[in-house]
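Read off the chains here:
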Amino acid sequence: RTYPNGKRIHLSLVANPSHLEAVNPMVSGKARAKMHFKGDESGETIVPVLLHGDAAFSGQGIVYESMQFARTEHYATGGTIHVVTNNQVGFTADPWQSRSTLYSSDIGKAFEAPIFHVNADAVDEVVAAFEMASEYRQKFKTDVIVDIIGYRKRGHNEIDEPRFTQPLMYQTIDKHPTSVEIYRQKLVAEGRITQEEANESKEFVEKSFEDAFVAADDYSVDDSKQWYDSPWEGIKQPTEHSTVRKTGVDVGVLEEISSALVTIPDDFNIHRRLGNIIKAKATTLEEKANLDWGTAEALAFGSLLVEGTHVRISGQDVQRGTFSHRHGVWHDQKTNENYTPLNNIRDGQAKFVCANSPLSEFGVMGFELGYAQESPLSLVIWEAQFGDFV
């Protein structure tokens, strides 16, 4: 989008399934991946924005799992702007049937996120709330919630009858002017626009909608490409044939990676038992025999990193490995400083991220799915604990 002042903003839309709020961690993951590839560590140039229904925001556990990422080391995005489009009814359930808290946005209190409640009929105040939310997010790099209190004019779909279950609310709604009518009258009354200008604006917008509706029947798109962002240009889709290529690497490259895997910096205080494990690893690598799983995995990751492919693995205990098989990140026994061998193979290599996650399955797996969608120049892995897939 290009704005009147010439500023260009890139908008990226993530497909939202009917499974309520499941898209939340995917948006966070995609935002974090954008930060990685732009070299934006704080989220200064990326803003995740999520639209929620009020009943789903208070009712779905994935909301809590996703908000828990906000200040964690490998999942933070510099804060998400949450917009609750609050029509005060969860399909047919009243608020007192769908939550135990006063406000649907109260989950934000667990994370000290500022919450702006605003009347949807007060258009200028809605704009002001969004401006404050945006400025707060940019300054303090944390989640912000805007709770827009409105109503649903009609039922859930064309044939739904909301008066079956909310008769008193809809007696009020039936007599209530819409937000656009209220604002139009306000502008005319203040002399900011004339009635003729208001009518022209209304006719222009309604004609634009009608023209788009008529043109929709002839709209077509290459369905295999529409979900992919610009980094995916030129990449074969799963439905397309590609050339079969040899994927092995030269033994000299494997030896270079091997050296990085078993080199302990002189000033690093390694745990005694881990030091012995590394010595044993060096022996198997030198003899090119009896390589264990963790070593073979590290060689594979390293071969991608030196080719410029970013590798990210996340989940519970992935840095050490649940059964002490990986040791992807070492801890200095005197200072607790970290050292990651796979990030020290050669200058100019891609980055290896080994991210211990919050104790969350649904949220973290969604995050990594969103992360993986951003660029094909990455290998993104969510490692389940042995029972989680069941």
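For the structure itself, consult the block above.
Residues numbered from 1 in each chain as written. Predicted model: local features only at pLDDT ≥ 70, side-chain atom pairs only at ≥ 80, totals over all residues. Heavy atoms only, no water.

### Comments concerning empty space enclosed by the protein
For step 1, the next point in the chain: In this structure the tally under the stated criterion is one cavity of 30 Å³ or more.
For step 2, the next point in the chain: Of the voids in this model, the largest cavity is the one considered here, and its volume is about 70 Å³.
For step 3, the next point in the chain: If you trace the largest cavity, you find it lined by Ser28, Leu50, Ser66, Met67, Phe69, Ala70, Tyr75, Thr77, Thr80, His82 and Asp143.
For step 4, the next point in the chain: When grouped by side-chain class, the residues that make up the lining of the largest cavity number five nonpolar, five polar and one charged. (1 Å grid on protein atoms, 1.4 Å probe; cavity = no way out; pocket = protein on both sides within 12 Å on 5 of 7 lines; lining within 4 Å. Points joined across faces, edges and corners; volume = space filled by probe spheres on them. Nonpolar A, V, L, I, M, F, W, Y, C, P; charged D, E, K, R; others polar.)

### What to know about the nonpolar core
For step 1, the next point in the chain: Counting 19 residues, the largest nonpolar core has Ile257, Leu305, Leu342, Ile345 and Phe352 as the members making the most contacts within it.
For step 2, the next point in the chain: Sort the elements by how many residues they give to this core and helix α11 (residues 293–306) lands first, with five residues.
For step 3, the next point in the chain: Once you skip the residues sitting within four places of it in the chain, Phe352 turns out to touch Phe301, Leu305, Val311, Ile313, Thr340, Leu342 and Asn343.
For step 4, the next point in the chain: Residues Val118, Val144, Val146 and Ile148 belong to the second largest nonpolar core, which totals 10 residues. (Core = buried A, V, L, I, M, F, W, Y, C linked by side-chain atoms within 4.5 Å. Buried < 20%, exposed > 50% of the residue type's maximum accessible area, 1.4 Å probe, protein only. Helix = DSSP H or I, 4+ residues; strand = E, 2+ residues; numbered from the N terminus. Contact = heavy atoms within 4.5 Å.)

### As for the pattern of salt bridges
For step 1, the next point in the chain: Under the definition given, this model contains 15 salt bridges.
For step 2, the next point in the chain: Here Glu190 and Lys186 are joined by a salt bridge, their closest N and O atoms 3.3 Å apart.
For step 3, the next point in the chain: The exposure class assigned to Lys186 is partly exposed, which follows from its relative accessible area of 34%.
For step 4, the next point in the chain: Among the charged side chains, a salt-bridge network with shared partners connects Asp124, Lys186, Glu190 and Arg192. (Salt bridge = Lys/Arg side-chain N within 4 Å of Asp/Glu carboxyl O.)

### Details of a nonpolar patch on the surface
For step 1, the next point in the chain: A cluster of nonpolar side chains, namely Tyr3, Ile9 and Leu11, defines an oily patch on the protein surface of about 280 Å² accessible area.
For step 2, the next point in the chain: The topology assignment puts Ile9 in the segment before α1 (24–38). (Patch = residues over 30% accessible without salt bridge, like charges linked within 9 Å, V, L, I, M, F, W, Y side chains within 5 Å. Areas by Shrake-Rupley, 256 points an atom, 1.4 Å probe, with all protein chains shown as cover.)

### A look at the packing of aromatic side chains
For step 1, the next point in the chain: Overall, the coordinates contain nine aromatic pairs when judged by the stated rule.
For step 2, the next point in the chain: Their ring planes at 45 degrees and their centres at 5.3 Å tell us that Tyr64 and Phe111 sit as a pair that is tilted. Highlighted residues: Tyr64 in helix α3 (residues 61–67) and Phe111 in the loop between α4 (95–98) and β3 (115–119), separated in sequence by 47 residues.
For step 3, the next point in the chain: Classification of Tyr64 by relative accessible area gives partly exposed; the value is 39%.
For step 4, the next point in the chain: Judged by centre distance (4.6 Å) and plane angle (45 degrees), the ring pair of Tyr136 and Phe140 falls under tilted. You can see Tyr136 and its partner Phe140 sitting in helix α5 (residues 123–140), four residues apart, about one turn around the helix.
For step 5, the next point in the chain: Following the ring pairs from residue to residue traces out a cluster consisting of Phe69, Tyr75 and Phe367.
For step 6, the next point in the chain: Here the guanidinium or amino end of Lys139 rests over the ring plane of Phe140, the centre of that ring lying 5.7 Å away.
For step 7, the next point in the chain: Geometry around Tyr75 places Arg312 over its ring, the cationic atom sitting 5.1 Å from the centre. (Phe/Tyr/Trp six-rings, centres within 6.5 Å; stacked < 30°, edge-to-face > 60°. Lys NZ or Arg CZ within 6 Å of the ring centre and 35° of its normal.)

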